[in-house]
Amino acid sequence: MQHSIEMNSAAQQQTAPTPIARRLAVLVLLTINALLLPKNASAFQTSTPKQHQRFNAAVHYGNDKVSIGSNDIMSHLLLQPRRLSSSTTTSTSLHFFGKKQEEEQDKELDVISNDDDDDDNKNIFSKAWPTLKIALPSFLVGGVATLCVLFLPLLADYYEAFHSFNTPSDIYNTDSTSKTAASNGKLNNNINQPVILFETILNDLNDAYVDDVDIQKLFETGVKAMTASLDPYTEFESRTEAAELEESVTGRYGGVGLVIRGGTNLAEAAKEDGIVLEQPVDSAASPLSGGNDSSNNRKQQPRNALKPPVASSKDADEDEEDIEITERKRARRKSMEDGVRVVSAFEGYAYDAGMRVGDKLLAIDDFDILPTTSPDEVRNHLRGDPGTEVQVKFLREGVGGKVNEPQTITLKRDVVHIPDVKYFGYVGDPRDGIGYIDLSGFANDAGREVRFAIKALQHGSELMAMKDGDAPKPNEDGLFVHDPTKLKGLVLDLRSNPGGLLTSAVDVATLFVPNGSDIVSAKGRGFPEILYRSKTDPILSPNTRLAVLVNDQTASAAEIVSGAIQDLDVGVVVGKGRTYGKGLVQNVQDLPYQTALKYTVAKYYTPSGRCIQSTVYEEGGRGDDLLTSTSEEKGGPKFKSKKVADKDRTVFYTAHGREVKDGGGVEVDYKVEPQKASPLEIILLSSGTYSDYAAEWSKTHELTDQFSVDESTYKDFQRFVEQKQADGDLKLEVFYDSQLKDLSKKLKASKFDSSKRMLESLRADIIKDVKKDFKTYKTEIIEDLEQNILARYLPDSMLIERGLQSDIQVLETAKMLKDGNEFDSLLARDQKSVENGLLSNAVGDSSIETASSVTPEPKLQTRW
């Protein structure tokens, strides 16, 4: 039977025209009819005497219909002349695409000479009707032709997909009929084939899979796997993710201004008897995570490699499993006891209303917060339309070892603006005139906030100068002129700034670079080449020394600003080494159903012409070895990446002739090592031990103006850490815990009992060495402890200001700016440097489009 089906389908394909021939034939007929239709428009019009004479020679009058004897196919496509008659009843015979349409109209005209209004109405209708008879068929022909042009290719692909039994198309074969030939080295794929295949797979799984499936989840899994094969920045954003992305772009949302945390999926933790599937209390505070996916760094093993010994003792495996389950239960219990707590309260919103860090939320209006309630549920109840009110019930640790009674506070929802400038002020003595701006992101208002901060610092420096007797001098008109030079230096802190919007980066850069300077350019395969150039004078005086503070987490839009400042020699870049090295541009495209697609569209270039992208990404996914490319060790089909080698980096020159290189981020001009964090500090911070002790401390202490952590408090903190370790709530060996567990399993499998005892001794030695940091890094731990205690009482701006007093990089940068000699030597200009530098490379106008800093790209929400 199968053989006969194949034969029949082959016979049909031999006799039937090909899909391409059918499409061409239909399109030709449609085109001919559309072109010839206006020529026969007179057939629909009221006849004139001259037309009667012409028609009399071709047709016969009477009650018989007009017939045409020609067998030419074109005669069936043309609109036939209607039969003309002197009678009041007109019969029209029309052939349209071989189908005969008859239209009969009976009209009786009553001529009333004394009623002009009735005559006018009838005349309007009689005049409009012939036009309508012409326009309506033309409209129908054009509509049908348009629909055929749009849908015939898709229908043909569906026909080929489901009716080509003898020669099935291969979606991966470059010779497929649904894939055009490669031209100019670029593949031009027909997108219909994978769309049909993807739709068919989802339908089959939805209809016939053995169990019920979530089609939405399957779709998101497939799309995210597809985007993950390109680069780490191309992502499909679901409804919730798209809303969060929009908030990060705009920097605004409707709520009360609280940041909360708590356990996730606690209600679904128990899946089977005695087995707990636990989620971390706070993903951002998970130890050793570092914000990176370790699966991308795993080295793939060959399929025929020797496997490690597997434990043969079932009891040993059960013991290890019981320990892990017990640890997860303990962590889950602690998370449920902590509940949902406040980790930050924004100034101007919830902080001003009385909320503080560490408050435990109990209810939002009539919604009770249970131990299994997730932070997302609480957040959804806190947010709402601006102007509405919400009642928040919470607990706060009190004084004297007691817990206060639950408190209720009414918060007014508002459009919460998340500021990018977290703090601005002076470093050291304000009379030294060294300003500081902490810029944490690049949302819509970043440029406006930095502008305000610079203006405020300049004005403050003028007031300090006036107090010291240096009054401003009047101009010719006797008016006092603003003197921005009183601000001697400025530190722009971009450390750990992940970037943001392109237009915001340009807005910030225009505050520092000279008028007419190139800031950044971008180009891509489907992205219009564009150059952003400053159109305004800088706010910062050229006499003010500028330093940009960066680290290895300074990325994207922050690198645009630092790269422009470095290339134009208007300031120096300070830090340990290089920035992150993200020179790619992403476009955020809104999709149906409140979703979005963020995908890479271009690369950007600094004023010197260099691209600072440090990693080259190539498309991954299905390759020659399908099993290898989708192996479990690699976590599925991922993109391919490799770092740009030093030998492949190209040298460029700044405005003063200094050498800079591409392909590796922005390298610092002035190197300052950051304060090193000890393993113990990282463990205490990531595990929340600092904040837990701050909560206990607040029960028995009151904050004073001269607060500091004394020796007795520090010893009490050490006892608190040891107690948490003894209770199993803290692991001081957490940095090496997973490696120790793996080694312990392998030793058990090999029955190396003596080695296992040595392993336990090694664990004890690690804990002992970590505890030595209490003495070695005592000063740093005390500073961290003070900051966490003060965080329960003070706003973020005051905490940042206090932290600057011990920030080595900020203090060293301010010292360099105050002295000025090192700064001037780094940016020294001579004739030779000018000849070799960026200024000599400017030749005529730019060949790409220029735009001012306030002109965004049309229809693009570009994120860098």
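Owing to the predicted nature of the structure, the values given are computational and were not obtained by experimental measurement.

Here is what the cut-offs are and how they apply
- Residues numbered from 1 in each chain as written.
- Predicted model: local features only at pLDDT ≥ 70, side-chain atom pairs only at ≥ 80, totals over all residues.
- Heavy atoms only, no water.
- Helix = DSSP H or I, 4+ residues; strand = E, 2+ residues; numbered from the N terminus.
- Buried < 20%, exposed > 50% of the residue type's maximum accessible area, 1.4 Å probe, protein only.
- Contact = heavy atoms within 4.5 Å.
- Areas by Shrake-Rupley, 256 points an atom, 1.4 Å probe, with all protein chains shown as cover.
- Expected span 1.5 Å × (residues − 1).
- Pairing = 2+ DSSP bridges.
- Axes fitted to C-alpha atoms, helices over the stretch in contact; angles between N-to-C directions.
- Core = buried A, V, L, I, M, F, W, Y, C linked by side-chain atoms within 4.5 Å.
- Parallel < 35°, antiparallel > 145°, perpendicular 65-115°, else oblique.
- Nonpolar A, V, L, I, M, F, W, Y, C, P; charged D, E, K, R; others polar.
- Salt bridge = Lys/Arg side-chain N within 4 Å of Asp/Glu carboxyl O.
- Patch = residues over 30% accessible without salt bridge, like charges linked within 9 Å, V, L, I, M, F, W, Y side chains within 5 Å.
- Arc of directions from axis to C-beta.
- pLDDT = per-residue confidence, 0-100.
- Left-handed = near helix turned anticlockwise from the far one by under 90°.
- Phe/Tyr/Trp six-rings, centres within 6.5 Å; stacked < 30°, edge-to-face > 60°.

**Q** Looking at this structure, I do not really get the overall build of the protein. What am I missing?
**A** Per the secondary structure count, the protein includes 26 helices and 29 strands. Burial status across the protein gives 37% buried among its 864 residues. By sequence separation, contacts in the protein at least 24 residues apart represent 71% of the contacts at least 6 residues apart. Carbon and sulfur atoms make up 52% of the accessible area of the protein, which amounts to about 50,400 Å² in all.

**Q** Mind showing me how you'd approach helix α12 (residues 446-467) here?
**A** Along an α-helix, residues three or four apart share an orientation, since each turn contains 3.6 residues. Its 22 residues give α12 an end-to-end C-alpha distance of 32 Å, which sits within 8% of 32 Å, the value for a rise of 1.5 Å per residue. Along α12, the positions that sit buried rather than exposed are A446, G447, E449, V450, A453, I454, L457, Q458, G460, S461, E462 and A465. Where the residues of α12 are buried, they touch β13 (414-417), β14 (421-426), β15 (434-439), β16 (489-493) and α13 (502-509).

**Q** Sorry, what's going on with the sheet that holds strand β19 (residues 545-549) here?
**A** Two pairing modes exist for strands in a sheet, parallel and antiparallel, and in both the strands are linked by backbone hydrogen bonds. Read across the sheet, six strands follow the order β14-β15-β16-β19-β20-β27 without closing on themselves; strand pairing throughout is mixed. Whereas interior strands pair on both sides, the edge strands pair on one side only; in this sheet they are β14 and β27 (670-671). Inspection of the sheet shows β19 paired to strand β20 (residues 572-575) by three bridges, in the parallel sense. Of the residues in β20, the one forming a bridge with A547 is V572. On top of the sheet, helix α14 (residues 557-567) reaches β16, β19 and β20; it is set at about 140 degrees to β19, its chief contact.

**Q** Honestly, the environment of V585 in this entry has me stumped. Any pointers?
**A** Positionally, V585 belongs in strand β21 (residues 584-591). Looking at V585, the relative accessible area reads 0%, which means it is buried. Residues V585 and Y233, 352 residues apart in the sequence, show an inter-C-alpha distance of 9.2 Å.

**Q** In this structure, what is going on with the nonpolar core? I would like to understand it.
**A** The tendency in soluble globular proteins is for nonpolar side chains to be buried as a group. I437, F442, V450, I454, L494 and F512 are the most contacted members of the largest nonpolar core, which has 48 residues in total. Per-element accounting of this core gives the leading share, six residues, to α14. The residues contacting F512, other than those within four sequence positions of it, are V450, I454, L490, L492, P538, L540, L546, I565 and V570. One finds A694, L747, I782 and I789 within the second-largest nonpolar core, a separate group that totals 30 residues.

**Q** Help me understand the packing of helix α18 (residues 711-726) against helix α22 (residues 778-790) in this model?
**A** For any two helices packed against each other, the geometry comes down to the angle between their axes and how far apart the axes lie. The N-to-C vectors of α18 and α22 enclose an angle of 90 degrees; their axes lie 11 Å apart at closest approach. When the interaxial angle is binned, α18 and α22 end up roughly perpendicular. Judged by residue contacts, E711, Y714 and F717 of α18 engage K778, I781, I782 and L785 from α22. Class assignment for the residues of the contact of α18 with α22 results in five nonpolar, no polar and two charged.

**Q** Looking at this structure, how should I read the environment of Y690?
**A** Structurally, Y690 can be placed in helix α17 (residues 689-700). For the pair Y690 and Q787, spaced 97 residues apart in the sequence, the C-alpha separation amounts to 9.1 Å.

**Q** Teacher, can you tell me more about the pattern of salt bridges here?
**A** A pair can form between side chains of opposite charge whenever their charged atoms are brought close. Following the criterion strictly, the structure yields 29 salt bridges and no others. Note that R658 is salt-bridged to D569, the shortest N-O span being 2.6 Å. Taken together, the positions of R658 in the loop between β25 (651-653) and β26 (659-661) and D569 in the loop between α14 and β20 put the pair 89 residues apart, joining distant regions of the chain. Judged on exposure class, the residue R658 and its partner D569 are both buried. Between D769 and K772 there is a salt bridge; the shortest N-O distance is 3.6 Å.

**Q** Please explain a nonpolar patch on the surface as it appears in this structure.
**A** A contiguous nonpolar patch, built from L197, I201, L205, Y209, V210 and L218 and spanning about 530 Å² of accessible area, is present on the exposed surface. With respect to the helices and strands, L205 occurs in helix α6 (residues 192-208). According to the relative accessible area criterion, L205 is partly exposed, its value standing at 31%.

**Q** What is the right way to read helix α24 (residues 808-819) from this model?
**A** Helix length check: α24 (12 residues) gives 17 Å between terminal C-alpha atoms against 16 Å at 1.5 Å per residue, within 8%. For α24, the full list of buried residues reads Q809, V810, T813, A814, M816 and L817. What you see down the axis of α24 is that its buried residues fit within an arc of 160 degrees, all on one side. Turned more than 90 degrees away from the buried face of α24 sit K815 and K818, all of them exposed. Its buried side turned inward, α24 meets β15, β16, β19, β20, β27 and α25 (821-826).

**Q** How should the confidence of the model for the protein be read in this particular structure?
**A** Keep in mind that low pLDDT regions are not for reading the predicted coordinates in detail. Summarising the model, the protein shows a mean pLDDT of 74, and 65% of its residues fall at 70 or more. Ignoring residues within four places in sequence, the model shows residues 172-188, a span with pLDDT below 50, making 15 contacts including any to other chains. A low-confidence stretch, residues 622-635 (pLDDT under 50), is modelled with 19 contacts involving residues beyond four sequence positions or located in other chains.

**Q** Explain the packing of α6 against helix α7 (residues 215-228) to me, please; I cannot follow it from the model alone.
**A** Put simply, α6 and α7 touch, their axes get as near as 11 Å, and they point 145 degrees apart. Once α6 is placed against α7, the crossing between them reads as right-handed. Packed against α6, whose contacting residues are F198, L202, L205 and N206, the element α7 presents I215, L218 and F219 at the interface. Taken together, the residues that form the contact of α6 with α7 break down as six nonpolar, one polar and no charged.

**Q** Even after reading the chapter, I still don't get the packing of aromatic side chains, so can you show me in this structure?
**A** Working definition: an aromatic ring pair is given by the centre-to-centre distance plus the angle between the planes. All told, the structure shown has 12 aromatic pairs when counted by the stated rule. Between Y423 and Y436 the ring centres are 6.2 Å apart and the planes differ by 40 degrees, which places this aromatic pair in the tilted class. Of this pair, Y423 sits in strand β14 while Y436 sits in strand β15, placing them 13 residues apart in sequence. On the basis of relative accessible area, Y436 is assigned to the buried category, the value being 2%. With 6.1 Å between their ring centres and 85 degrees between their planes, F424 and F452 make a pair best called edge-to-face. Of this pair, F424 sits in strand β14 while F452 is found in helix α12, placing the two residues 28 residues apart along the sequence. For F424, a relative accessible area of 29% puts it in the partly exposed group.

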